[in-house]
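A structural walkthrough
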Amino acid sequence: MVRTKHLALWTSMAFVLSTTTMIVVPAFAAGTKAPPHVTLNIMLYGDQVPGLNAVVAKFEQETAHTLNTSLNIQWVPETDYADKVALSFAAHQSVDLQFNAPWLNMTSLAAEGDYLRLNKYFNDPQFPALHKYFTKAMLAENSFPGPGGRPGVYGVPLGQYFMDAAVTFYRKDLAEKFGIPNGQINTLKQLKTYLADVKKDDPSMIPFVENAQQGYSASMNMLPGPNSYAKGVYPITYGSASGEAYIKNGKLVASYLDGQNPKGLAKFPAPFNQINYDVYTFSRQWHSLGYTQSNPLTQSDATGAFTSGTAGAVGGTLSNYLSIKNELTTSARGAQLGFFVTNPEVRNMIPHSTETNFQMWNYLTIPATSHDAARVMAFLNWVFSSQQNNNLFALGIPGVDYKVAPHNTYTIPKGVTYDFPGYELTWNPKLVPVPAGIPKQMIALDTYESKPSSYFVPITSGFVFSGTKVAVQEENPDLTTLSNFETPLYLGVVANPIRAMEKEQATLDANRGLQSALRAIQLAGNAQLSAYLTARASASK
């Protein structure tokens with residue numbers, strides 16, 4: 001599943017950068033005469049992009065005799081965006097294209113009929129790019145209930161790939177200094193040796209810097225563990241509660257919610273029939289060895305500590321490579337950035353090894369009040385018609401905001417401030433510009449991340465829990481304390497994590513209000529999940 005809102009603007013999908021400013025323009029309609037001029041009012045999320053006016057002017061100039069469309073882009077601050085979107089409908093504002101997402105208020109507005117159903121445009125011969133770059137499989141996984149519960153495509157899905165690989169960033173120059181060939185860490189054993197050498201070489205440097213707020217712990221994806229999906233064990237979320245479900249032959253056998261007594265795992269297959277403490281003991285071991293800082297709970301910016309040169313390694317995701325590299329090499333003289341992919345299946349690029357539901361997190365929607373829906377889709381068809389068109393908004397004006405580099409890559413000249421948030425307009429797995437300076441290993445991993453064959457869709461992928469009937473139980477304040485208790489354990493600062501967990505479990509068992517809420521939520525969730533599995537089985541026949 002694509003969980004990251006702001007993914008980085010790179011991956012290894014091959015593309016061609018033109019050395020000219022030619023723009024490829026598909027015909028909007030049959031014939032050579034341009035359609036009547038229209039101005040599209042567009043509402044986007046965030047702050048005004050420096051240099052965008054010049055890009056829009058370039059677009060309008062190059063398409064004056066084909067699309068004949070002007071763009072009026074309004075930027076709304078992130079903190080106000082959801083409210084402003086809702087107000088735009090209440091005030092009957094003229095908006096033709098609007099960024100929205102399920103993490104904002106897209107799904108509720110689509111269900112209320114405020115957004116147009118777009119399915120017909122993706123099969124219209126007038127818009128061949130929409131048909132080419134948005135496959136039926138992608139659209140099927142990015143459909144939402146509309147008025148009356150009718151599913152449909154109520155937004156153009158935007159995303160580059162379906163996961164962002166977890167990595168440990170480290171100092172490649174130091175690894176080479178410590179005798180690791182070419183400074184390239186390839187195994188967990190090498191990483192531990194590197195951290196020990198960092199501690200020995202410079203006691204003032206934190207070998208691996210953790211941060212609770214950023215989710216960077218020593219155990220983050222370090223331990224592969226047994227394949228739960230192969231045994232029919234899947235993670236579930238029932239609103240405020242989360243846990244696991246055991247599904248066999250397409251039917252729910254048992255479920256367990258975090259905070260319940262572990263005896264509830266009795267019907268699960270081994271080794272999932274008991275609590276696994278490995279991540280806690282792993283983190284505690286690293287903390288005891290001095291690989292992590294003494295009090296990670298007070299760390300405010302783990303990435304900043306690493307890029308400033310005060311730490312030897314930090315957790316992160318692959319998409320942040322370029323930004324971290326730039327910050328590190330600017331702050332720490334002679335520093336080189338390396339990365340170690342923590343998940344062995346991803347590291348070895350094994351097909352069908354990663355869970356996804358092929359859903360995107362970001363969408364472009366057309367309000368039902370728009371009078372120019374076809375022209376909006378023509379504009380989007382243009383954006384996705386070629387890499388050159390896509391690059392105009394994604395990277396800016398060629399030769400000004402970016403320069404063509406060897407091997408179909410690009411560079412950004414010094415001083416350029418153009419930085420368009422591609423997740424609001426240009427992202428697509430088949431149209432991704434590649435910056436120069438990307439390591440070969442990363443290019444291979446990016447290719448792996450962009451292939452649908454790298455993923456599998458779990459049986460629970462389309463399940464969405466409705467907490468309407470257990471709204472009171474969902475608001476139980478003790479539900480929020482469960483994850484807070486586990487944070488120090490993940491960071492390794494608890495001396496005896498297993499004993500601490502057992503002691504906490506006794507407290508949870510005695511909390512009748514919490515257990516009653518969990519049981520009510522579990523019963524409601526189980527009924528809904530069972531119904532979903534039955535419907536899924538019927539649909540597949």
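Now for a look at the structure at hand. The shown structure was predicted, so the numbers you read here are calculated from the model rather than taken from an experiment. Every chain is numbered independently, its residues counted from 1 as its sequence is written. Only residues with pLDDT of 70 or above have their local features reported here, since the model is predicted, and side-chain atom pairs are shown and tallied only from 80 upward, although totals for entire chains, interfaces and linings are computed over all residues. To get the side-chain values, all heavy atoms of the structure are used, and hydrogens and water are removed first.

1. Here's the deal with the overall build of the protein chain
When helices and strands are counted, the protein chain shows 18 helices and 17 strands. Computation of the radius of gyration draws on C-alpha atoms alone. For the globule rule, the value is 2.2 Å times the number of residues to the power 0.38. Over its C-alpha atoms the protein chain spans a radius of gyration of 25 Å, differing by no more than 12% from the 24 Å that the globule rule assigns to 541 residues. Projected onto the principal axes, the alpha-carbon positions of the protein chain cover approximately 75 × 60 × 40 Å. Long-range contacts, defined as pairs at least 24 residues apart, comprise 78% of the intrachain contacts of the protein chain with a sequence gap of at least 6. Strands here mean DSSP runs of E at least two residues long; helices mean DSSP runs of H or I at least four residues long; both are numbered from the N terminus. Contacts were defined at the residue level, with two residues in contact if any of their heavy atoms lie within 4.5 Å.

2. As for the sheet that holds strand β7 (residues 166–171)
One requirement defines pairing of two strands: DSSP has to find at least two bridges between them. Strand order in the open sheet formed by three strands is β11-β7-β12, with antiparallel pairing between adjacent strands. The open sheet has two edge strands, β11 (313–317) and β12 (337–341), and neither has a second partner. Neighbouring strand axes in the sheet, compared pairwise and without regard to direction, differ in orientation by 35° on average. Pairing geometry for β7 and β12, over five bridges, is antiparallel. Residue pairing for β12: Thr168 is matched across the bridge by Phe340. Its contacts with the sheet put helix α7 (residues 188–201) on β7, β11 and β12, and the angle it makes with β7 is roughly 40°. Axis definition: a line fitted to C-alpha atoms, over the contacting stretch in the case of helices. Angles run 0 to 180 degrees between N-to-C directions.

3. Looking at the sheet that holds strand β6 (residues 156–158)
Read across the open sheet, the five strands follow the order β2-β1-β3-β14-β6; overall the sheet is mixed. Every interior strand has two partners, whereas the edge strands, β2 (69–76) and β6, have only one. Strand-to-strand, the axes of this sheet are offset by a mean angle of 20°, without reference to chain direction. In terms of strand pairing, strand β3 (residues 97–100) meets strand β14 (residues 362–365) through three bridges, oriented antiparallel. Its bridge partner being in β14, Asn100 is matched across the sheet by Tyr363. Along the sheet face, helix α12 (residues 373–383) touches β1 (38–45), β2, β3, β6 and β14 and points at about 70° away from the line of β1.

4. A few points about the packing of aromatic side chains
Pairing of aromatic rings covers Phe, Tyr and Trp, the last counted by its six-membered ring, and requires centre-to-centre distances within 6.5 Å; plane angles under 30 degrees mean stacked, over 60 mean edge-to-face, and any other angle means tilted. The full count for this structure, using the stated rule, is 32 aromatic pairs. Considering the side-chain rings of Tyr170 and Tyr194, the 5.6 Å spacing of their centres and the 65° angle between planes classify their relative orientation as edge-to-face. With a gap of 24 residues between them, Tyr170 in strand β7 and Tyr194 in helix α7 connect regions that are remote in the sequence. Each of the two residues, Tyr170 as well as Tyr194, counts as buried. Here the aromatic residues Tyr45, Tyr81, Phe99, Trp103, Tyr423 and Trp427 are joined through ring pairs into a cluster of three or more. With a 1.4 Å probe rolled over the protein chains alone, any residue whose accessible area is under 20% of its type maximum counts as buried; one over 50% counts as exposed, and the rest are partly exposed.

5. Brief notes about the side chain of Arg375
As for its placement among the helices and strands, Arg375 is situated in helix α12. His residues and chain termini do not enter the charge count, which takes Lys and Arg as positive and Asp and Glu as negative. Between Lys or Arg on one side and Asp or Glu on the other, a salt bridge is scored when a side-chain nitrogen of the former is within 4 Å of a carboxyl oxygen of the latter. One buried charged residue, Arg375, remains without a salt bridge, the closest side chain of opposite sign being Asp372 at 6.1 Å. For this analysis, a polar contact is any N or O atom pair within 3.5 Å, provided that within protein one partner can donate a hydrogen and the other can accept it, and provided that sequence-adjacent residues contribute only side-chain to side-chain pairs. Looking at Arg375, its side chain comes within polar contact range of the side chain of Thr69, at 3.2 Å.

6. Here we look at the nonpolar core
The set of buried Ala, Val, Leu, Ile, Met, Phe, Trp, Tyr and Cys residues whose side-chain atoms join them within 4.5 Å is what this entry labels a nonpolar core. By size, the foremost hydrophobic cluster in this structure holds 91 residues, and its most contacted members are Leu52, Phe379 and Phe393. The dominant element in this core, judged by the number of residues it contributes, is α12, at eight residues. Ignoring any residue separated from it by four or fewer positions in sequence, one finds Phe393 in contact with Leu52, Val55, Val56, Phe59, Leu71, Phe379, Trp382, Tyr418, Phe420, Leu425 and Thr426.

7. A few points about the environment of Val56
Note on placement: Val56 falls in helix α1 (residues 52–62). Sequence separation between Val56 and Leu71 is 15 residues, and the spatial gap between their C-alpha atoms is 6.9 Å. Aside from chain neighbours lying at most four places away, what touches Val56 is Leu71, Ile73 and Phe393.

8. Some points on the environment of Leu104
Summarising the element assignment, Leu104 is placed in the loop between β3 and α3 (106–111). As a C-alpha pair, Leu104 and Pro458 span 354 residues in sequence and 25 Å in three-dimensional space. When residues no more than four places from it in sequence are discounted, the contact partners of Leu104 are Tyr45, Tyr81, Ala82 and Phe99.

9. A short note on helix α8 (residues 278–288)
Of the residues making up α8, those classed as buried are Tyr280, Phe282, Ser283, Trp286 and His287. For α8, the arc enclosing every buried residue in end-on projection is 165°, short of the 170-degree limit, so these residues lie on one face. Those residues of α8 hidden inside the fold are in contact with α7, α16 (478–490) and α17 (497–510). Immediately beyond the C-terminal end of α8, within one or two residues, lies Gly290, with a positive phi of roughly 85°. Working definition: the arc comes from the directions between the helix axis and the C-beta atoms, pointing outward to the latter.

10. As for the pattern of salt bridges
For the coordinates displayed, the defined rule picks out three salt bridges. A salt bridge links Lys58 to Glu62, with the shortest nitrogen-to-oxygen separation between them at 3.2 Å. Note that Lys58 and Glu62 are positioned in helix α1 at a spacing of four residues, about one turn of the helix. As a salt-bridge pair, Asp173 and Arg171 come within 3.0 Å of each other at their nearest N and O atoms. The class for Asp173 is buried, based on a relative accessible area of 16%. For Arg171, a relative accessible area of 8% puts it in the buried group.

Treat this as a map of the structure, not an account of what it does.
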